[in-house]
Amino acid sequence: MQNFLWKFIIFPVLIYSCCFCDYVNTEDNPNIPAIAKYFNTKGRYEEVNPHLREDILAVNRSVLQPPSAQCQEIHVTAIIRHGTRYPTTRNVKDMQQLHNIVLQNASGKESWLHEIQNQWTMWYTEDMDGRLVQKGVNDHKHLAVRLSKLFPSLITEEKLRGGLIKFITSSKHRCVNSTLSFKAGLTELWAITDKEFDYAVNDALMRFFDQCTRFVEEVDKNPSALSEVDKFKQGPEMRRVQEKIADRLRVPYNTISDDMAEAAFYLCAYEFAIKTVNSPWCRLFDEVDAQVMEYANDLKQFWKRGYGYDINSKSSCILFHDVFSRLDRAANENKSGQQVTEAVTVQVGHAETLLPLLTLLGFFKDNETLTSLNYATQTQRSFRTSHMLPYAANLLLVLYDCGDGDLRLQPLLNEKPVTFPGLTEASIPLYQQVKERYRELLQGCDFETECQLFKNLEV
């Protein structure tokens, strides 16, 4: 089964506001679109960690900040989004439609337009449908190597061979192939050729959103749940973006709908993420346009997966409890002097897996709700998926034994330290303090109860 799936990998050929200000100036690099930092969930991991552009395996162990030298890592849980993928079928259809508009109706002598009309080929096909690309394979191989350098006592050949590193994945091909790629990063690092390492497919954990009836009916399949998104798409900011695209192409304003604007944005993003190309499609946007497009997508994620409705985060209760049960088991084994039987848990899912969990934990919560009317006041918002959820985004929870029963837990997002909301006094709080912080969720947050349909839609 694993070998069968592996053949399709290259078809058809992720401190509260910490560390998210380290973007480097892209103006000096003509290969990087000026708008690359606004690509939401279609962004590269390297835009969140620009130092990786120079050295993809670079690691800074100083991000691990245990309070004393005697602290030792005893367990790490890594919840990881799949790597870079092809567009979905729906995205491809919109991109094809826009391409036809440009071929048949656009006019002008600009070099970028000439390139689109005469040199650029619509190479995206509907059967690609979100499959992992070669860049996505590399995303996870490289992440595996970096994490082995970040946690050299936990992610080791001995522990992998001993079955102390567990792999869990969503059933989606891009997640399974990301898991295989992560494992390949380790086996190639240690030149392991004599053994295969299993993984478990668990959609109850990694695609909980599909199995939460209340979320599916009240949010996912409910058009009115995203009314703020619809209002913003019909509002003055988005209308101006569409008009500017139409002006650049010299086509009638009614030709460029919000779907066509999004298709153009995605063409720029996918060309860069997949092929590292600064595509002529990117010339349809300036930075102001890109910020509006980013907000439109953040608004959608906020109302569909984030703080917009209570059920969005509560749908992840099953994953929340699973994470803390693993941490508890590691803590109890360590306390009793046993070897921790699951030193590392690698769980591969989706942006839709990570965002509800981050929301449940209280990360990136702004004072104001994101709406269709407050774009201008949300320029400094924390809730920014371009920073939180690039391809291969990851939430790491590191459990330390600091001696004398002193267990501590450090969260990292995309390999950078973040602070548990409400526990800002210590970058690595006591594990017991973390459990107290989330006591109500640990005692409740029952997936079956929360996901029943009889509850009212709560904001």
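Residues numbered from 1 in each chain as written. Predicted model: local features only at pLDDT ≥ 70, side-chain atom pairs only at ≥ 80, totals over all residues. Heavy atoms only, no water.

- In the nomenclature of an unreviewed UniProt entry, the protein chain is known as Multiple inositol polyphosphate phosphatase 1 of Labrus bergylta.
- Comment text from UniProt for the protein chain, heading Sequence similarities (unreviewed entry), reads "Belongs to the histidine acid phosphatase family. MINPP1 subfamily."
- Under the UniProt heading Subcellular location (unreviewed entry), the entry covering the protein chain gives this text: "Cell membrane". (UniProt positions renumbered as here; feature names shortened; annotations may be inferred.)

Notes on the nonpolar core
Phase 1: With 111 residues, the main nonpolar core has Leu 98, Tyr 124, Leu 249 and Phe 285 as its most contacted residues.
Phase 2: Setting aside residues up to four positions removed in sequence, Tyr 124 forms contacts with Pro 87, Val 92, Met 95, Gln 96, Leu 267, Tyr 270, Glu 271 and Ile 274.
Phase 3: Among the nonpolar cores identified, the runner-up in size contains 39 residues, and Ala 144, Val 176, Leu 180 and Tyr 400 belong to it. (Core = buried A, V, L, I, M, F, W, Y, C linked by side-chain atoms within 4.5 Å. Buried < 20%, exposed > 50% of the residue type's maximum accessible area, 1.4 Å probe, protein only. Contact = heavy atoms within 4.5 Å.)

Some points on the environment of Ala 331
Phase 1: Relative to the helices and strands, Ala 331 resides in helix H16 (residues 317-335).
Phase 2: Every residue in contact with Ala 331, bar those within four places of it in the chain, is listed here: Leu 399, Leu 407 and Tyr 431. (Helix = DSSP H or I, 4+ residues; strand = E, 2+ residues; numbered from the N terminus.)

Topic: the pattern of salt bridges
Phase 1: Applying the stated criterion to the full structure yields 33 salt bridges.
Phase 2: The shortest N-O distance in the salt bridge between Lys 135 and Asp 139 comes to 2.7 Å. One end of the pair is Lys 135 and the other is Asp 139, both in helix H5 (residues 134-150) and four residues apart, which spans about a single turn.
Phase 3: Between Arg 207 and Asp 210 there is a salt bridge, and its shortest N-O distance comes to 2.7 Å.
Phase 4: For Arg 207, a relative accessible area of 12% translates into the label buried.
Phase 5: The network of salt bridges with common partners includes Lys 166, Asp 322, Arg 326, Arg 329 and Glu 342. (Salt bridge = Lys/Arg side-chain N within 4 Å of Asp/Glu carboxyl O.)

Description of the sheet that holds strand E5 (residues 394-401)
Phase 1: Across the sheet, which stays open at both edges, the seven strands sit in the order E3-E2-E4-E1-E5-E6-E7 with mixed pairing between neighbours. Edge positions in the sheet fall to strand E3 (200-201) and strand E7 (416-417), since each has one partner strand and no second.
Phase 2: Note that strand E1 (residues 72-81) and strand E4 (residues 344-349) share six bridges and pair parallel. Bridged to Val 76 within E4 is Val 344.
Phase 3: Its contacts with the sheet put H16 on E1, strand E2 (165-169), E4, E5 and strand E6 (407-413), and the angle it makes with E1 is roughly 165°. (Pairing = 2+ DSSP bridges. Axes fitted to C-alpha atoms, helices over the stretch in contact; angles between N-to-C directions.)

So, helix H7 (residues 173-189)
Phase 1: Given a rise of 1.5 Å per residue, 17 residues ought to cover 24 Å, and the 24 Å separating the end C-alpha atoms of H7 matches this to within 8%.
Phase 2: Along H7, 14 of the 17 residues are buried, which leaves the element largely enclosed by surrounding structure.
Phase 3: Of the residues flanking the end of H7, it is Ala 191, one or two places downstream, whose phi is positive at about 55°. (Expected span 1.5 Å × (residues − 1).)

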